[in-house]
Amino acid sequence: MKKTLISLCCLLMACAVKAGKVDTVVIHSDVMNRDIPVIIVSPTLPVQVQKTVKGKKQPAMPRIEMRFPVVYLLHGAYGSEKAWLEIKPNLPEIADEKGMIFVTAAALNSWYFDSPILKDFQYETFMTQDLIDYVDTHYSTFHNRHGRAITGLSMGGHGAFFLSMRHKDLYGAAGSMSGGLDIRPFPLNWNIPDVLGEMASHKQSWDEHSVVNQIDRINDGDLWLTFDCGEDDFFLEVNKDLHRRLLGRGIRHDFATRPGGHTSEYWANSLDYHLLFFEKYFQSAGTYVGGIKH
């Protein structure tokens, strides 16, 4: 019995060691005069170890500085900075397993736009300036697009493609899960009129803020793109439409439909595929160091 308890304790300690660090921070946005809650999940570096040689302790080996690629995870409408940890509770373990930093920020129902009518909804500026600056300043990252990817679910899927296509100098790869990639078929939903104005009187703004109208900003090879949608999802047709448009422009991308709807279970599964895609991208860009060995 005692041996079993010792083994169980050792197993629990090993599991704890291999879990990444979860930081909850607040980043101030000057342009919005708003404090934004952010969760950052980072790999835990191997601890320094002192060795004993002939009864004498030797100095600990210096910790090697390691840089990690960053994956920005965007939540959906009515979500928060906690959404991805709720959907994927083992995200800290994945951070260690893959050697990646995950960042998710509270974005209300902003759709990750700079709203033309609300001064305190300038989330495109926050995501592409304040957030990246903070992460690169406080964490060991690659300070270039080759070490950054961005993806999200639903509203966040739209946001990930919207931001990456408009700021391809900042992100090397982007994904979307069940993304609302064309907002115009949904003129009354998810508080979009509050951010852009009513579509009937602000049609140009709705056109300019839909992902499908951003693809002229990119050429084949500018971004690694992956997106998917459930066969029972109400966003399925707008995803298929973007797929056809990208094919028409000769822009290579990964696109898949899978069984499922607009659910957390679907997104938890989908994230696994996106991380494999980003891992491949980071390897090709020379910014992937692999998982952390303790």
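For the structure, see preceding data.
(A) Focus on the overall build of the protein chain. Helix and strand content of the protein chain: nine helices and ten strands. Out of the 294 residues belonging to the protein chain, those deemed buried represent 51%. Put simply, 73% of the contacts in the protein chain that link residues at least 6 apart link residues at least 24 apart.

(B) Spatial organisation of the sheet that holds strand β2 (residues 34-42). Here we have eight strands laid out as an open sheet, ordered β1-β2-β6-β5-β7-β8-β9-β10, and mixed in their pairing. Two strands lie at the open edges of the sheet, namely β1 (21-29) and β10 (254-258), each paired on one side alone. Taken over all neighbouring pairs, the strand axes of this sheet differ in orientation by 20 degrees on average, direction set aside. With five bridges connecting them, strand β8 (residues 173-177) and strand β9 (residues 224-230) associate as parallel partners. Its bridge partner lying in β9, Ala-174 is registered against Leu-225. In this fold helix α3 (residues 91-98) packs onto β1, β2, β5 (70-74) and β6 (101-105), with an angle of close to 55 degrees to the strand it touches most, β2. Each of β5, β6, β7 (148-152), β8, β9 and β10 touches helix α9 (residues 264-285); the most contacted strand, β9, lies at about 170 degrees to it.

(C) Summary view of the nonpolar core. Counting residues in hydrophobic clusters, the biggest one holds 58 residues, and the most contacted among them are Val-38, Tyr-72 and Leu-131. Excluding anything up to four places from it in sequence, Val-38 contacts Asp-23, Thr-24, Val-25, Ile-27, Glu-81, Val-103, Thr-104, Ala-105, Phe-126 and Leu-131.

(D) Local environment of the pattern of salt bridges. Across all of its chains, the model carries 15 salt bridges by this definition. In this structure, Arg-34 and Asp-120 form a salt bridge, with 3.2 Å as the shortest nitrogen-oxygen distance. Linking Arg-34 in strand β2 with Asp-120 in the loop between β6 and α4 (123-138), this pair joins segments that are 86 residues apart in sequence. Here Arg-245 makes a salt bridge to Asp-241, at a shortest N to O gap of 2.9 Å. A residue pair is termed a helical-turn pair when its members lie 3 or 4 positions apart in one helix, as Arg-245 and Asp-241 do in helix α8 (residues 236-248) at four residues. The exposure class assigned to Arg-245 is partly exposed, which follows from its relative accessible area of 31%. Members of the salt-bridge network, linked through shared partners, are Asp-182, Arg-184, Lys-203 and Asp-207.

(E) Layout of the side chain of His-75. With respect to the helices, strands and loops of the structure, His-75 is situated in the loop between β5 and α2 (83-87). Only 2.9 Å separates the side chain of His-75 from the backbone nitrogen of Ala-107, close enough to count as a polar contact. Once residues lying within four places of it in the same chain are set aside, the contact partners of His-75 are Ser-80, Glu-81, Ala-83, Trp-84, Ala-105, Ala-106, Ala-107, Leu-108, Tyr-112, Leu-153, Met-155 and Gly-156.

(F) Quick look at the pairing of β5. Counting buried positions along β5 gives five out of five residues, so the element sits mostly inside the fold. Relative to β6, β5 is paired through three bridges, and the arrangement is parallel. The partner of Tyr-72 across the bridge, within β6, is Val-103. In terms of strand pairing, β5 meets β7 through five bridges, oriented parallel. Bridging from a neighbouring strand, Leu-73 pairs with Thr-151 of β7.

How each quantity is defined
Residues numbered from 1 in each chain as written. Predicted model: local features only at pLDDT ≥ 70, side-chain atom pairs only at ≥ 80, totals over all residues. Heavy atoms only, no water. Helix = DSSP H or I, 4+ residues; strand = E, 2+ residues; numbered from the N terminus. Buried < 20%, exposed > 50% of the residue type's maximum accessible area, 1.4 Å probe, protein only. Contact = heavy atoms within 4.5 Å. Pairing = 2+ DSSP bridges. Axes fitted to C-alpha atoms, helices over the stretch in contact; angles between N-to-C directions. Core = buried A, V, L, I, M, F, W, Y, C linked by side-chain atoms within 4.5 Å. Salt bridge = Lys/Arg side-chain N within 4 Å of Asp/Glu carboxyl O. Polar contact = N/O pair within 3.5 Å; in protein donor to acceptor, adjacent residues only side chain to side chain.

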